[in-house]
Each structure stands twice: as structure tokens, then as C-alpha cells.
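So you can see what is in the structure, the chains are spelled out below.
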Amino acid sequence: MMKIFSALFSLAALPAFTLAGDVVPIMSMYVPLPETSLLHGVFHVIKSNARAPVTTMISIAVSTDDTVIWYDHHERDGYDTDGSVAASTRVWGDGDSGNGCAPGVSPCTDATDVLIAGQVIILKNEVPVPRGNAILFDGGDKISASLPIAVTRSAYPSGEPGSMMAGAVEVIEQEQWGTRFVAPVGQDVGSETDAFEYSAFAIMAGDEGATISCPGEFKTLAQGEAVVIRVDQGWELTSDKPIQVDLITGDIGSTYQLRWYSLVPVEQWSNEYYAPVGDTKGETKVTIYNPGTRRITVTCTLPNPNDSYTFRVPAKSIRSSEIIRDGDGAKFSAGAGNNFFAFSSTDTEGGGQIYDWGYPLIPSGSLTNEVVVGLGYGCTDMNCNGDGERSVVWITAVSDATIHVDYNNDGNNVATKSVRALESVYFTDDNDEDMSGARIWAEKNGEPVNIAAAWGQKASLSKSGDDYALDLGTVILPFEPTRTSCSVDIKEDRDGDGEISAGDIVVETIEVFNVGAMPVSEGSIAVETLGGTVNVEATDGRGGTKIYTIEYEVPPGVSTVTGTCEVVPAPPTTSPTSSPTGVPTVSPTAGPTGGPTAGPTGGPTASPTAGPTGGPTGAPTGGPTGGPTGGPTGGPTASPTGGPTGGLTGGPTASPTGGPNETPTEAPTDPPAPDQPTPGDRTITDAPVVFVKGDPHFKTFGGELYDFHGECDLVLLHNPQFMNGLGMDVHVRTKIEDFWSSVETAAIKIGDDTLESWSSRGKHPCGRIQGKDPVEDFQVLCPCGHSLD
Ligand SMILES: *[C@@H]1O[C@H](CO)[C@@H](O)[C@H](O)[C@H]1NC(C)=O
């Protein structure tokens, strides 16, 4: 990199987002689970008397004073585009009441249109299905913010199950989305409580839309569009653009057993996770999914190391830990390279209906020393009926630490508690029975200590039929204490093309916000830009800002610079070879005169997340300068001594998985003469096994090709040559189940004999057909049957 000049200076701390005079979003997210797919694809499948409207509640916790939030409704005028704010978009906290104030702010004036740390915006409304186009707070809406916010989405249907069926899930910012997901459980996985009988991916596309693919199906989703796909264990979903995926599991026909988990993309899976929840009465266990092809050994480390144990997880399978007891958090780890997925479930052994909630464990590499609680109600609708909170915020620290809890994130009322490594502690706010908006952080002697956190029901604080208990919960996402915003201006347009391109001189402005509770110490972090790494000086906590500029030449091969910068650990300084033996008696009179003499000693620990943004900009300037200087010096010295030593050793090892994709254009000219079977003594010795994989591509009786699976009668197989001309036909009748359909009955005709088999309804709506004699048990793998919003 040709850095010709680099200036590093800090301006006096300015209020945040003065960059270029604009307040800019630094994070954005989409509200997952649009109500239409939630009602038809989830609630109604679990319990058929679930009805519209769906009650939606979106909770937004503001972490830092002077945050601006853009709430971009998807209805009517679509999403905002770069540089334009649609009429339906509300902008909260910008001091302009003309574009709205956050709900709850009254009266709404320019002066009151501000957002402060600890403020929790609750957006609650009933959403009709079919949806109509009334502007509501609902799934598919986009939320952006100028400073970090924590968002939780919850919902429940009307009808008999009502709020007992409520689910909640943490909403992940787009930057954390991924392109490859694997189902750690699926509807083919049995469990004591039938917890996975319903298993689905709820998928949503972001700013760029996405084309997703899972076994047998491609589907293009527009910006903010969602789809629910039922899954079997191990199913892989890929996408050309980042998507958000929530895993929903439930027990079909049960009253309340339903759990929602945000799913970490496979590229972020790890071999180490921390679990903050230990609940003896709730029978909390952590389940590990091993996606690999070899068995792995997982170590569960507990606060008392003597209690730690290992267990084995076979390839492509799940195994659960022992119950994690009151007061214990846990670490789950496996050897290097043995990445796995881990999630917690409470209420694992009984009916699974009283305290059922779960959360995904966060990979240890993603943890920080801080969380901000998006939704932390102690009871239903913050009403505990005088009996105390049933739902709590659970914390575990990776090493011994002091935990600080700022209940309202306003700097007042901060409690502290010392904890041992991996101990599980929980917090409630007795003042308002609500932990929403609280900020919790951990340190030891002023150095940050990473924590894992979750919000959910504590079994010993609730009972069966407790109308005030919320049997749901979420993980509380790590809060990144440092955020940056970078912009690039052209200083010298050397090639005169009016654009930033290779060889031009640019000035990059780097704004660093420390939104964490603790100050950033000198030399602990740096910001990496295309022009080099900038060390960040000591910065105050809670809104401390530093601004730097760096000037550099755009390197060759880079077509433009967008100002994407990233916080990294500060580069190591060379350490002295022996420790000083005494205290210095005078202070140095001058700063160091040179930079570090050695580069970092290790390479980057992760691969770059994006490829280069441009190809080479010019043709090579010269060809090769000379021809070869001599011809080959010798011919081959020996003739081959032998021919191939063996023939093929085996035939194909698998049957073809699909039928021919073209119809023959002419009939066979000479059908072989059939051997007429003797009526009455024919037995079918080899029962035909028919597989349908992926999305069904059937023909109707009329010959029309169907690749969507509606309610109809279809020809699955027509083979007049089967058994020397006896002939075999398989017809299926499908039945619509909400927005997909399942095979209800199948008729198999061999010669003149016909038999019918039918599905075992309810259990696996698109699973296995249980046949009668003799052609039984042929399998229809669940297609990516989807319910569209
Ligand atoms: C662990 O076991 C050892 C040996 O039995 C014992 O001496 C020690 O006190 C135990 N540690 C704890 C924390 O219980």
C-alpha cells in the first residue's frame, strides 16, 4: 500500500454525528416474521384455532443519548432509497416533530423529539390477516439508527391459545446476517416433548433482496420479503445475499410449546459457547448440533471445575447436556475445527408447556463485556399481580468479574455484584418490574470481561396456569461498545476523471463513538482503513467521540473507496525483553521519535468478509520482454513401460435421484413381448420404492406440468414397461394445508391391481406416507413447501 502521507490528529471531542453535517444510520434491521406467514405458517399449524388479528409488539431500547431512529414502514410507499425518505417513514429523535416523535412522547414538539439512553419505545398493535395496507408496526418494517439500539420482536395470535402462544425473538442487525444456514434440528428429530415436530426457517431478505436455495428449490425474495420453510435436520439453506433466519420449533397440536431462535449463519459457528441460564426446576439443558462428518467430544465446563464433564455428539446429530442447575452457567467447547451449533431449552422433560422457552447460545468470539436489554418484562404486560417478577435477565461472565447493572441506563441506580467465572446470576428491576432498556457490563480491575446474557422465565418464580408469566425469552445480543463512521473526500484527482480512483489522493475522516459504559483506554483499539491503521486514543464511555483524518493514495487495483472502516485491536507494540526493576524518577520530555520497529507478529485471525471491490483498472503496459532462450534439451528418455493396470472396479454406487427431464419424442418401435403373468399367483417380491426429492415436479392427468404443489390429483409415475409390460402407475392426491399442500393419498396400480395408501395426518404434514400392504412406507421427503407472505 502506497501511503504517501498520513496525518493523525484528534479534534476536540465533538458531539456525535456531525460528520459532513449529517446524521447517518450506523445500523439497520428488519422486523422478522411478517404476520401473514406467522399466522398461516406457524401459529395455525401448531394450533388450528389460532386466528387473526396477530398482536405484534416491537420493543426498541435506546442505548445512547441523541440517537436518531428511522422507522421505515414497508406499506404503500415501499422502502426509503439512498438519499430519499419515503412519506410513511417516521424519524424519531431528530428534533423535527414534522416527521414524527417516538410513540409515547407527548406532547410531540421539536423540543421533545429527542431520544435518550434508557428510553424504551414499545410499538404494539393488532395486525389483521389478510394484511390490507393500513400503516402498522409489523413484520417487514425496516429500522435504522444513528447509534446502537436493541430490538426485540414478539407476537401472538387471537383465538383460544392467545398470548399463551406468544413468541419473542431478538432482532439482528443486517451487518450480522449471513448467506449459509443449516437446520440444527428438524421435524424428523424426535424428542421427549416433541419439541421439534414443527421446525421451520423463517427467512427474510434485506436491502438487496436475495435468491435463496434449499433442497430442490430456488426462490427470489424482494427487499423485506419473507418466507417460511419447514425443515428437516441438517438441511442447508444458501443465499446470494445476506438474509436473516429465525428457527421456529414447536409441538404440533400442543397448546403452547413453541420456541423462537435467531439462527447464527454457519460461517459464524464456533467451537466454544457460553450459556448464562441454569434452572434446576426448569430442567434447562443445552443442545449441541454437530454438523460435521465425525463424532465430536464436547466439554461442559461449570463454575466448579470438579462438576465439568464431557459428552459425545455423533456426526449430523444433536445431544443435550445434563440439566444446568440453579446458580450454574456453563461453557461448551470442542477441539479446534470442530465447530458446532448450540441452543438452550427450558422445560425439557415434562410436557414442555409450562416454562417453554429457549435461546441460541452466542459464539464466544462474538461476546463483548456489555449488553443492553431490548425486552425484559418481568411479567405479562408488566403486571406481576404483586407476586414479583417471573422473567429475569440471566448473566454469566467468562472469568471472575464485577457485574454492573444500570437498571434504567441513565447512570443513576447502578447495582454491582461480584461473580465467579461461569456462575449464573439473574437480575430483576423491582421498581417497575421491567428490565427493558437496562445496560449491564462486566469488568475486573477496570479491564473488560466478556459476558453472555439472556432474558426469560425462571421456573421457580412461576407456576402452572400462571397468567402473569411469560413463557418466552430471548438471548440478549452482545453490545458492541465501539462504533465507527467513515467518509472519504477526494483531495487530488490525479487522473482528472472526477471520481475517486486508483492513484488519486483522498482524505478519510474517521469518527469513533464509544457508546460503551466504560472508557476506552489508550492503545487498546484501532481503526483499520484502506489507508492504514489509526490508533484510537483514550475515549470516554457513554457517547465519547474521537475524530481522525488520514490522507492516502488510492492503491492500484482499487476502483473506488467507500469509507468502510472497522474497529480492530490496536497493533501490538514491541515488548521490552526484561521488566523494569524500578519506578522511573522523571517523566519523559518528548514523545517517541519513531514508529514501532516490528509489524504485528500474527496474521489476521479471520478471512476478509468481502472480496476486492474492483478489478484492475488498466491493461498491462508491456508484453514479455524476450522469447525463450533455447529449445528443449532432450526428448523423453524412456517409453512407457506398461498399460493401465486395472479396469473399473465398481459400478455406480447410487441410483439416479431424478427422472429423465425430457419426454421421448417418439414411441419405442419394438416393445419387448411381455411375459404374461399367470393370474392369481403373482407376488410382488421387490416392493417398488418411490422417492420424490425436493420440490415436486408433477404432471396432472391432463399432462400439465406442476411445479407448485397445490390441491389436485397428480401423476407421480407412469411406467407401462414396468415388470415387462405389466405397467405401474402412481397417482397422488394432495390436500392444501394453509399455503402449502401435503400428499394425502396415493394410489399405486400394478397391472390390474390397485392399492391406496394415505398419510398419517398431522404428524408430518409433508413427511412420510404410511402405506398398507404390500407397497408400504414409501417416502415423500418434505419439499421446501413454503407459505408466502
Ligand atoms: C475438587 O475436588 C478436589 C479433590 O476431591 C477437592 O480437593 C476440591 O476442594 C474440589 N473443588 C471444589 C471447588 O469443590
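Residues numbered from 1 in each chain as written. Predicted model: local features only at pLDDT ≥ 70, side-chain atom pairs only at ≥ 80, totals over all residues. Heavy atoms only, no water.

By the naming in an unreviewed UniProt entry, the protein chain goes by IgGFc-binding protein N-terminal domain-containing protein and is assigned to Seminavis robusta.

### Re the sheet that holds strand β16 (residues 272-275)
As summarised here, the arrangement of the five strands in space is β19-β18-β21-β16-β24, forming an open sheet in which the pairing is antiparallel. Looking at strand neighbours, the two that pair on one side only are β19 (309-313) and β24 (362-363), the edges of this open sheet. Two strands pair when backbone bridges link them, and β16 and strand β21 (residues 330-333) are joined in this way by four bridges, in the antiparallel orientation. Counted as the bridge partner of A275 is A330 from β21. (Pairing = 2+ DSSP bridges. Helix = DSSP H or I, 4+ residues; strand = E, 2+ residues; numbered from the N terminus.)

### A word on the sheet that holds strand β38 (residues 544-553)
With antiparallel pairing, the three strands of this open sheet are ordered in space as β34-β35-β38. On the outer flanks of this sheet lie β34 (482-492) and β38, each paired with one strand and no other. Pairwise comparison of adjacent strand axes, ignoring direction, gives a mean angle of 15° for this sheet. Pairing analysis gives ten bridges linking β34 to strand β35 (residues 505-514), with the strands arranged antiparallel. From the neighbouring strand, V488 faces β35, where its bridge partner is E508. (Axes fitted to C-alpha atoms, helices over the stretch in contact; angles between N-to-C directions.)

### Here's the deal with the pattern of salt bridges
Under the defined criterion, the tally for this structure stands at 17 salt bridges. Residues R325 and D328 are paired through a salt bridge, measuring 3.7 Å at the closest nitrogen-oxygen approach. By relative accessible area, which is 12% here, D328 ends up buried. Residue R542 pairs with D406 through a salt bridge whose shortest N-O separation is 3.0 Å. Of this pair, R542 sits in the loop between β37 (532-535) and β38 while D406 sits in strand β27 (residues 401-406), placing them 136 residues apart in sequence. Assessed through its relative accessible area of 34%, R542 is described here as partly exposed. Via salt bridges that share partners, E75, R131 and D138 belong to a single interconnected network. (Salt bridge = Lys/Arg side-chain N within 4 Å of Asp/Glu carboxyl O. Buried < 20%, exposed > 50% of the residue type's maximum accessible area, 1.4 Å probe, protein only.)

### Side note on the environment of P128
Mapped onto the fold, P128 is located in the loop between β5 (120-127) and β6 (142-145). What makes P128 partly exposed here is its relative accessible area of 35%. Not counting the four nearest positions on each side in its chain, P128 is found in contact with P53 and L136. (Contact = heavy atoms within 4.5 Å.)

### With respect to the state of the cysteines
Tallied over the full model, the rule gives three disulfides. One disulfide bridge connects C101 with C108, the sulfur atoms lying 2.0 Å from each other. Taking the torsion about the sulfur-sulfur bond, which here is approximately 80°, the covalent link between C101 and C108 counts as right-handed. On the basis of relative accessibility, which here comes to 35%, the residue C108 falls in the partly exposed class. The disulfide that involves C379 links it to C384, with 2.0 Å between the sulfurs. On the sign convention where negative means left-handed, the S-S torsion of about 105° between C379 and C384 marks this disulfide as right-handed. With relative accessibility at 0%, the residue C379 sits in the buried group. (Disulfide = S-S within 2.5 Å.)

### Describing the side chain of T368
Note on placement: T368 falls in the loop between β24 and β25 (370-372). What makes T368 buried here is its relative accessible area of 13%. Side-chain polar atoms of T368 contact the backbone oxygen of E370, separated by 3.1 Å. The residues contacting T368, other than those within four sequence positions of it, are N450, I451, P478, F479, E480 and P481. (Polar contact = N/O pair within 3.5 Å; in protein donor to acceptor, adjacent residues only side chain to side chain.)

### A look at helix α1 (residues 35-46)
Of all twelve residues in α1, ten are buried, a share of seventy percent or more. Every buried residue of α1 is listed here: E35, T36, S37, L38, L39, G41, V42, F43, V45 and I46.

### Looking at the packing of aromatic side chains
How two aromatic rings sit relative to each other is given by the distance of their centres and the angle of their planes. Considering all chains together, one arrives at 16 aromatic pairs under this definition. Aromatic pair W394 and Y426: ring centres 5.9 Å apart, planes at 50°, arrangement tilted. Residue W394 is located in strand β26 (residues 391-397), and its partner Y426 is located in strand β29 (residues 424-427); the two are separated by 32 residues in the primary sequence. Residue class for W394 comes out buried when judged on its relative accessible area of 1%. Given the relative accessible area of 38%, Y426 is considered partly exposed. Ring-pair connections join several aromatic residues into one group, and the members of that group are F196, Y261, W269, Y289, F341 and F343. (Phe/Tyr/Trp six-rings, centres within 6.5 Å; stacked < 30°, edge-to-face > 60°.)

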